[in-house]
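For reference, the chains in residue letters:
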Amino acid sequence: MRVKDLLRSLLMIVLAVFVNWQLSRFSLFLFQTINLTSLVIIYYAQRKGEIFGASLGALGGLLQDSISTGIFGSFGIPKTIVGFVAGYIARRIDVRSYLVTFIFYAGALVLEVILWSGLQIFVLSSPLPGRTIIYQPLLSSLVAVVIVWAIKRWDTQWKRRLRIFKSKVDNF
């Protein structure tokens, strides 16, 4: 694990938490149904492996726990487990197609919702909002597919421009 990767992923976690917070100011439904922090954790777990995913999940969960009003650990524990499981599964299956990416993210997010719901029921004995449990994995997975598509497209364009630049420098 390189320090550069760790800093980049932590910056993305902080940015995701900030965007989620800003989203809550405009629409409570979107805030409850689009889980950007988990998308960042699953993305990096998919790219870097289960240890990196679990570590990033723990850090991202602790960051969310520190700014939430709920019980401490209710975000950290599920995100740590999801980061590990996502990294483990991504090493064993090919997640390059968009349909598999959708299913992969949806499965990881369903696991997180189940773990989070279990903690809420066990510790607080409180009823859960049904909308979050149903819509969050689906809408967040759709957002994940769009983000992965944009990252792949940007990466392809960046590499093409770099090749053109190198050819111009070589011809100079």
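> It is not clear to me how the overall build of the protein chain should be interpreted in this structure. Could you clarify?
Across its full length, the protein chain holds seven helices and zero strands. In sequence order, the protein chain lays out its α and β elements as α-α-α-α-α-α-α. A separation threshold of at least 6 residues defines the contact pool for the protein chain, and within that pool the share at least 24 residues apart is 68%.

> Any chance you could explain helix α3 (residues 36-48) here in plain terms?
Side chains three or four residues apart in an α-helix point the same way, a direct result of the helix having 3.6 residues per turn. In this model α3 runs 18 Å from its N-terminal to its C-terminal C-alpha over 13 residues, within 8% of the 18 Å that 1.5 Å per residue would give. The buried fraction of α3 amounts to eleven of the 13 residues, a majority that puts the element mostly inside the structure. Backbone geometry just after α3 places Gly49 at a positive phi near 110 degrees.

> Before we go on, may I ask you to explain the packing of α3 against helix α6 (residues 98-124) in this structure?
Helix-helix packing is described using two parameters, namely the angle between the two axes and the distance between the axes. Two numbers describe how α3 lies on α6: the axes approach to 11 Å, and their chain directions differ by 125 degrees. Classed by the angle they form, the pair α3 and α6 counts as oblique. For the element pair α3 and α6, the recorded crossing hand is right-handed. For the pair α3 and α6, contact is made by Ser38, Leu39, Ile42, Tyr43 and Gln46 and by Phe104, Tyr105, Ala108, Leu109 and Glu112, respectively. For the contact of α3 with α6, the class distribution of residues is seven nonpolar, two polar and one charged.

Reading the values: rules and limits
- Residues numbered from 1 in each chain as written.
- Predicted model: local features only at pLDDT ≥ 70, side-chain atom pairs only at ≥ 80, totals over all residues.
- Heavy atoms only, no water.
- Helix = DSSP H or I, 4+ residues; strand = E, 2+ residues; numbered from the N terminus.
- Contact = heavy atoms within 4.5 Å.
- Expected span 1.5 Å × (residues − 1).
- Buried < 20%, exposed > 50% of the residue type's maximum accessible area, 1.4 Å probe, protein only.
- Axes fitted to C-alpha atoms, helices over the stretch in contact; angles between N-to-C directions.
- Parallel < 35°, antiparallel > 145°, perpendicular 65-115°, else oblique.
- Left-handed = near helix turned anticlockwise from the far one by under 90°.
- Nonpolar A, V, L, I, M, F, W, Y, C, P; charged D, E, K, R; others polar.

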